[in-house]
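Chain by chain, the residues run as shown.
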Amino acid sequence: DQQVKQNSPSLSVQEGRISILNCDYTNSMFDYFLWYKKYPAEGPTFLISISSIKDKNEDGRFTVFLNKSAKHLSLHIVPSQPGDSAVYFCAARGSGGSNYKLTFGKGTLLTVNP
Amino acid sequence: DAMVIQNPRYQVTQFGKPVTLSCSQTLNHNVMYWYQQKSSQAPKLLFHYYDKDFNNEADTPDNFQSRRPNTSFCFLDIRSPGLGDAAMYLCATSRDIRRSSQYFGPGTRLTVL
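The present account deals with the structure reproduced in this document. (Residues numbered from 1 in each chain as written. Chains lettered and ligands numbered in written order. Predicted model: local features only at pLDDT ≥ 70, side-chain atom pairs only at ≥ 80, totals over all residues. Heavy atoms only, no water.)

### Topic: the sheet that holds strand S6 (residues 56-59) of chain A
Taken in spatial order, the five strands line up as S1-S3-S8-S7-S6 (chain A) in an open sheet, and their pairing is antiparallel. The open sheet terminates on both sides in strands that have one partner only, identified here as strand S1 (4-5) and S6 of chain A. (Pairing = 2+ DSSP bridges. Helix = DSSP H or I, 4+ residues; strand = E, 2+ residues; numbered from the N terminus.)

### Side note on the pattern of salt bridges
Working definition: two side chains of opposite charge can pair if their charged atoms are close together. Residue and element names in this part refer to chain A. Enumeration according to the criterion identifies six salt bridges over all chains in this entry. A salt bridge links Lys 37 to Asp 84; the shortest N-O distance between them is 4.0 Å. Placement of Lys 37 in strand S4 (residues 30-38) and of Asp 84 in the loop between strand S8 (72-77) and strand S9 (86-94) is noted, with a sequence separation of 47 residues between them. Lys 37 gets classed as buried once you look at its relative accessible area, which sits at 10%. Salt-bridge contacts for Lys 56 lead to Glu 58; the nearest nitrogen and oxygen are separated by 4.0 Å. (Salt bridge = Lys/Arg side-chain N within 4 Å of Asp/Glu carboxyl O. Buried < 20%, exposed > 50% of the residue type's maximum accessible area, 1.4 Å probe, protein only.)

### What to know about the environment of A:Leu110
Summarising the element assignment, A:Leu110 is placed in strand S11 (residues 108-113). Between the alpha carbons of A:Leu110 and A:Lys5 there is a distance of 16 Å; along the sequence they are 105 residues apart.

### Quick word on the sheet that holds strand S7 (residues 64-67) of chain B
All names here are of chain B. Judged by pairing direction, the sheet is antiparallel, and its four strands sit side by side in the order S1-S3-S8-S7 without closing on themselves. What marks the edges here is a single partner per strand, and that holds for strand S1 (4-7) and S7. Adjacent strand axes in the sheet meet at a mean angle of 20°, parallel and antiparallel pairs treated alike. Across four bridges, S7 lies against strand S8 (residues 73-78) in antiparallel orientation. Bridging across to S8, Gln 65 finds its partner in Asp 77. (Axes fitted to C-alpha atoms, helices over the stretch in contact; angles between N-to-C directions.)

### Remarks on the pairing of S8(A)
Residues and elements named next belong to chain A. Of all six residues in S8, five are buried; the element is thus mostly enclosed. Summarising the sheet, strand S7 (residues 62-67) and S8 pair through six bridges and their orientation is antiparallel. Considered in S8, the bridge of Val 64 is made with Leu 75. Linkage of S7 to S8, two consecutive antiparallel strands, is achieved through a turn of four residues, within which Lys 71 is found at a positive phi near 55°.

### Describing the side chain of B:Thr60
Residue and element names in this part refer to chain B. Looking at the element boundaries, Thr 60 is found in the loop between strand S6 (53-56) and S7. Using a relative accessible area of 5% as the deciding quantity, one classes Thr 60 as buried. Here Leu 46 takes part through its backbone oxygen, which lies 2.6 Å from a polar atom of the side chain of Thr 60. Dropping the residues within four chain positions of it, Thr 60 is found in contact with Leu 45, Leu 46 and Phe 47. (Polar contact = N/O pair within 3.5 Å; in protein donor to acceptor, adjacent residues only side chain to side chain. Contact = heavy atoms within 4.5 Å.)

### Considering the packing of aromatic side chains
Scanning the model with the defined rule gives 14 aromatic pairs over all chains in all. Note on B:Phe64 and B:Tyr89: the rings are 6.1 Å apart at their centroids and 35° apart in plane angle, and the pair reads as tilted. One end of the pair, B:Phe64, is in strand S7; the other, B:Tyr89, is in strand S9 (residues 87-94), and 25 residues separate them in sequence. Given a relative accessible area of 4%, B:Phe64 falls into the buried group. On the numbers, 6.3 Å between centres and 15° between planes, the contact of B:Phe73 with B:Phe75 is stacked. We classify B:Phe75 as buried; its relative accessible area is 19%. Counting every residue linked through ring pairs, the aromatic cluster contains A:Tyr36, A:Phe46, A:Phe89, A:Phe104, B:Tyr33, B:Tyr35 and B:Phe104. (Phe/Tyr/Trp six-rings, centres within 6.5 Å; stacked < 30°, edge-to-face > 60°.)

### Section: the state of the cysteines
Residues and elements named next belong to chain A. Going through the model one piece at a time under the given rule, you end up with two disulfides over all chains. Residue Cys 23 pairs covalently with Cys 90 via a disulfide, S to S 2.0 Å. Judged by the sign of its S-S torsion, about -75°, the cystine formed by Cys 23 and Cys 90 is left-handed. With a gap of 67 residues between them, Cys 23 in strand S3 (residues 19-25) and Cys 90 in strand S9 connect regions that are remote in the sequence. Classification of Cys 90 as buried rests on a relative accessible area of 0%. (Disulfide = S-S within 2.5 Å.)

Right, dumping it as structure tokens:
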């Protein structure tokens, strides 16, 4: 049973446009959410995160939005650049007890075309 | 640069032949994790070490073991690899178990013949 779902395996956008990557979760105990970026032949690298007490976190071109009532988060990349082409993983973490561990989605392959 | 290193990057083994994957870190982090990622799937946590304390996930097969001889190194031992164990194995570290980000190595791609 997938607790973190990324329903779009791939996304293709034009350079300069906005990329929107979506993630849904089912576990209401999750209170911290992260996005990781992965290039081929490299490990995932941390990109941006958001706590459940916020609904938005921005870092340069990257913004993550959290809708707790819908159990949905999204990553916006504006403007998209060819170097952003990678697999993006959504991950979630709970608090307390054994809920520390990260639960990942399957990832979305973003391709930014020049 | 502080980093997480995994060796080898590619490992080929035979069905049933024990194999060991290696992870080292220069970050001096307390926690080291092992994940298994199969093609087009989410990374799945196998176990982690918090200092010397080993924590196994409930659904990790007994075929998978781990050792952490010191802060810097952590090993993943697969005692009798099956075809279903072919995957990318990712090592990660974090300063502590709760609010710190995880830093990943590049992974080891395991092929079982």
